[in-house]
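Coordinate inspection notes
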Amino acid sequence: MFQVSVEETFSAGHALRGYKGKCENPHGHNYRVRVTIEGQQLDSVGLLYDFTNLKRMLREVIGALDHQFLNDLAPFNAINPSAENIAKFFHEQASRQIPQAPNAPRIAQITVWETDETSATYTP
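All figures in this text were calculated on a predicted structure; none of them were measured in a lab.

1. Considerations on the environment of glutamate 38
In this structure, glutamate 38 sits in strand 2 (residues 27-39). On the basis of relative accessible area, glutamate 38 is assigned to the buried category, the value being 13%. Sequence spacing of glutamate 38 and glutamine 3 is 35 residues, and the spatial spacing of their C-alpha atoms is 4.3 Å. The contacts of glutamate 38, once residues within four sequence positions are left out, are Met1, Phe2, Gln3, Leu48, Pro105, Arg106 and Ala108. At 3.2 Å, the side chain of glutamate 38 and the side chain of glutamine 3 are in polar contact. Among the polar contacts listed, one links the side chain of glutamate 38 to the side chain of arginine 106, at a separation of 2.6 Å.

2. Regarding the packing of aromatic side chains
Considering all chains together, one arrives at four aromatic pairs under this definition. Geometrically, the ring pair formed by phenylalanine 10 and tyrosine 31 is stacked, given 4.8 Å between the ring centres and 15° between the ring planes. Placement of the pair is phenylalanine 10 in strand 1 (residues 2-14) and tyrosine 31 in strand 2, with a sequence separation of 21 residues. By relative accessible area, tyrosine 31 is classed as buried at 0%. Ring centres 5.9 Å apart and planes at 40° place the aromatic pair phenylalanine 10 and phenylalanine 90 in the tilted group. With phenylalanine 10 in strand 1 and phenylalanine 90 in helix 2 (residues 83-95), this pair connects stretches of sequence that are 80 residues apart. The same class applies to phenylalanine 10 and to phenylalanine 90, which are both buried. By way of ring pairs, the aromatic residues Phe10, Tyr31, Phe76, Phe89 and Phe90 are connected into one cluster. The ring centre of tryptophan 113 lies 3.9 Å from the NZ or CZ of arginine 32, which sits over that ring.

Reading the values: rules and limits
Residues numbered from 1 in each chain as written. Predicted model: local features only at pLDDT ≥ 70, side-chain atom pairs only at ≥ 80, totals over all residues. Heavy atoms only, no water. Helix = DSSP H or I, 4+ residues; strand = E, 2+ residues; numbered from the N terminus. Buried < 20%, exposed > 50% of the residue type's maximum accessible area, 1.4 Å probe, protein only. Contact = heavy atoms within 4.5 Å. Polar contact = N/O pair within 3.5 Å; in protein donor to acceptor, adjacent residues only side chain to side chain. Phe/Tyr/Trp six-rings, centres within 6.5 Å; stacked < 30°, edge-to-face > 60°. Lys NZ or Arg CZ within 6 Å of the ring centre and 35° of its normal.

Here it is as structure tokens:
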């Protein structure tokens, strides 16, 4: 099994509804997101998935969130914009852009860091 990963960053604000603590107040993070793709077969060039295409896909998802207040955007206007939910959101959005074919690479996991020390990972 092969895995490749890319990381990108973005900045956004949020507030955790129903949370009893300082994170219920509006605040922001400089998020880091890692997408990991896995698969068993390399292409004729010897790549599992082109880093350039993977970065482009990740940047497209980030483009909708960067410098926004996440609570104002779907689906975070209905669910809390926790790191866990953000990781799942990235998986859902990114999965739509990965070719779905037998033996095609798939997203193995998405990790979202709110700080250098705290992260949440979604694994389908």
